[in-house]
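Summary of the model geometry
The primary structure of each chain is shown beneath.
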Amino acid sequence: MVSYKGYEPVIGVEVHVELRTSEKAFCRCSAEYGGDPDSKCCPVCLGMPGATPSLNPEAHRLAVLTGLALGCKIERVSRFDRKHYFYPDLPKGYQITQFYDPLCRDGAVTFELDGVRRTVGIERIHLEEDAGKLSYKGDKLSIDNNRCGVPLAEIVTRPHMRSADEAMAFVDELRRILLFAGVSDCKMNEGSLRCDVNVSVRPVGSETPGVRCEIKNINSINFIGRAVDAELVRQTDLILSGGTVEVQTRRFNEDTLKTEYMRKKEKTADYRYIREPEIPAVITDEAYVESVRREMPPLPAKREEELRNIGIKAESAKLICSLPKLADYFDLVKKETSDAVTAANLFVSEIIPVMRRGEPCVPPEYLARCADMFAAGDVNIVSARTSLRLSLEEGISPHTAAERHGLFVLKDEGLIKEMIEKACASNEKTVAQIRAGKVSAKKVIIGGVMKLSSGRAEPRLLSRLVDEFFE
Ligand SMILES: [Zn+2]
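Here the focus is helix H2 (residues 164–181). The terminal C-alpha atoms of H2 lie 26 Å apart, and with 18 residues this matches the ideal 26 Å at 1.5 Å per residue to within 8%. Of all 18 residues making up H2, 15 are buried, and the element is well covered by its neighbours. Downstream of H2 by a residue or two, Gly182 has a phi angle that is positive, lying close to 80°.

Put into structure tokens, the structure is as follows:
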């Protein structure tokens, strides 16, 4: 929904993304997901007195890479702060984060929505540590501290989005960029990418910002859209009935598809931020930034454009560049084949569904050879698909499949001539019509031969031989 009763939403997003390091942000504990509760903890990530945290260089590098992938300026000097609050998943009583001097500022994400290019500004990205994980079983609350200290990049956008669709498209594109950059596995269901959405409403056309509410920890892109629309309706109805919107932190209820009150939003002062005394300022010099930039994998929008530039349909290019594993596979195919466009069509129709299901797939060379067979006129497109399917099922090359199952185009003149005679013999009326000058009736004979050859007769050769037959 774009507007409701004359009001529109103004949306900003905060995304927490777990950086793909092997160790935690400030200690050497494993950052791997899962394991027995509290099996990956030490005095540093649990905040015992006297513990000394030090920054994991890999977390720093991935945060810089995140900033570069999102077009940010990387600050030469950034610093860590302590954000104090009490919650059962935070044994330290404070979180190490970057409040005053974040690592990255002023980036942007550009994407297309309904054929229109949109840009959402990134205000800042800071490096921080994750908290533990709480789970409720009945009336019992259990705490697992394994996630305490896992490095996070918090990405804060400017309030540039104006609809649920736009917010969803933004998070989708952001997720794609982060996946291709290799900074995180971005699994929303495992919590390695989490979204808080800020929503306020204002009359359409007004420039005055409304009072915003924050909806915490939304764990799917679809729910982001639902939460935005639910808030648009709730806040607008509240204003129109004479009420006032309060600054609140809310949660999205996945069953009712509505947002619920959690707490009044804390003021910044409530966190009593202080400089983290144990970790020195982080210096990120230009040479280091350039070395990270040089190693940055190509980003999806660029790869998509390259595919379009060689004639691949826009929707296929988008699908191929939806996941790194698909794009990387197709890259290998592209290098091997003389017909990348056909290879892309075959990839989209036959291979991508298999890869998406996580099933075993043919090597890229097989797909390349299959497209080559089509380009050389050895198989038609239907047989190309069939031989690829058989290749998947039987683990043989498409060429062997075409040979074994008789899928090659028929180019044998003698054989085709025999079939023409056969087709004529069973269509005497048509033959008479053709002889009487009704040229268009030739297509009946051509159809007959196609039937006799199971669709494999080479069409141009067949058409020439039929012409010759009636000369
Ligand atoms: Zn630790």
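On we go.
Moving on, we come to the packing of aromatic side chains. All chains considered together, the criterion is met by 11 aromatic pairs. Centre to centre, the rings of Phe111 and Phe170 are 6.4 Å apart; their planes meet at 55°, and the pair counts as tilted. Here Phe111, found in strand S6 (residues 104–113), pairs with Phe170, found in helix H2; they are 59 residues apart in sequence, far enough to count as distant. Judged by centre distance (5.2 Å) and plane angle (5°), the ring pair of Tyr329 and Phe347 falls under stacked. Linking Tyr329 in helix H7 (residues 324–336) with Phe347 in helix H8 (residues 340–356), this pair joins segments that are 18 residues apart in sequence.

This next bit is on the coordination of the zinc ion. The zinc ion binds to the protein through Cys27 (SG), Cys29 (SG), Cys42 (SG) and Cys45 (SG); the donor distances cover 2.3 to 2.4 Å. Within one chain, the residues donating to the zinc ion are spaced in sequence as C-x1-C-x12-C-x2-C. A residue is classified by how much of its surface remains accessible, and Cys27, at 6% relative accessible area, is buried. Given a relative accessible area of 11%, Cys29 falls into the buried group.

A cluster of nonpolar side chains, Tyr87, Tyr136, Leu141 and Ile143, forms an exposed patch at the surface whose accessible area comes to about 400 Å². Using a relative accessible area of 35% as the deciding quantity, one classes Ile143 as partly exposed.

It is the rolling of a water-molecule-sized probe over the atoms that shows where space remains empty. The computed volume of the second largest pocket comes to approximately 800 Å³. As for the second largest pocket, its lining consists of 29 residues, and the residues nearest its centre are Thr110, Glu173, Arg176, Ala301 and Glu304. When contributions to the lining of the second largest pocket are tallied by element, the ones reaching two or more residues are S6, H2, helix H5 (300–309) and helix H6 (314–320). A total of 7 residues in the lining of the second largest pocket trace back to one element, the largest contributor, which is H2. Among the residues forming the lining of the second largest pocket, the class breakdown is 13 nonpolar, 3 polar and 13 charged. A domain-level breakdown of the lining of the second largest pocket finds at least three residues from each of domain 1 (7–290) and domain 2 (298–404).

As a further point, take the nonpolar core. When a protein is soluble and globular, its nonpolar side chains tend to lie buried together. Residues Leu70, Ile155 and Phe170 are the most contacted members of the largest nonpolar core, which totals 61 residues. At 11 residues, the largest contribution of residues to this core is made by H2. With near-sequence residues (within four places) excluded, Leu70 lies in contact with Gly107, Ala108, Val109, Ile122, Ile125, Ile155, Leu174 and Ile177. Judged by nonpolar contacts, the second largest core, of 32 residues, contains Ala327, Phe347, Ala368 and Cys370.

What H5 keeps buried is the set Pro300, Arg303, Glu304 and Leu307. Axial view of H5: buried residues confined to an arc of 100°, hence all on one face. Counted as exposed and oriented over 90 degrees from the buried face of H5: Lys302 and Asn309. Where the residues of H5 are buried, they touch H2, H6 and H7. The positive-phi residue at the C-terminal boundary of H5 is Gly311, with phi of around 95°.

Relative to the helices and strands, Asn219 is located in the loop between strand S12 (213–218) and helix H3 (221–240). Using a relative accessible area of 36% as the deciding quantity, one classes Asn219 as partly exposed. Spatially, the C-alpha atom of Asn219 lies 25 Å from that of Cys41, the residues being 178 residues apart in sequence. When near neighbours in sequence (up to four residues on either side) are disregarded, Asn219 contacts Met188 and Glu254.

About the cut-offs
Residues numbered from 1 in each chain as written. Predicted model: local features only at pLDDT ≥ 70, side-chain atom pairs only at ≥ 80, totals over all residues. Heavy atoms only, no water. Helix = DSSP H or I, 4+ residues; strand = E, 2+ residues; numbered from the N terminus. Expected span 1.5 Å × (residues − 1). Buried < 20%, exposed > 50% of the residue type's maximum accessible area, 1.4 Å probe, protein only. Phe/Tyr/Trp six-rings, centres within 6.5 Å; stacked < 30°, edge-to-face > 60°. Donors = N, O, S within 2.8 Å, 3.2 Å for Na, K, Ca; no water. Patch = residues over 30% accessible without salt bridge, like charges linked within 9 Å, V, L, I, M, F, W, Y side chains within 5 Å. Areas by Shrake-Rupley, 256 points an atom, 1.4 Å probe, with all protein chains shown as cover. Salt bridge = Lys/Arg side-chain N within 4 Å of Asp/Glu carboxyl O. 1 Å grid on protein atoms, 1.4 Å probe; cavity = no way out; pocket = protein on both sides within 12 Å on 5 of 7 lines; lining within 4 Å. Points joined across faces, edges and corners; volume = space filled by probe spheres on them. Nonpolar A, V, L, I, M, F, W, Y, C, P; charged D, E, K, R; others polar. Domains from an automatic or database assignment. Core = buried A, V, L, I, M, F, W, Y, C linked by side-chain atoms within 4.5 Å. Contact = heavy atoms within 4.5 Å. Arc of directions from axis to C-beta.

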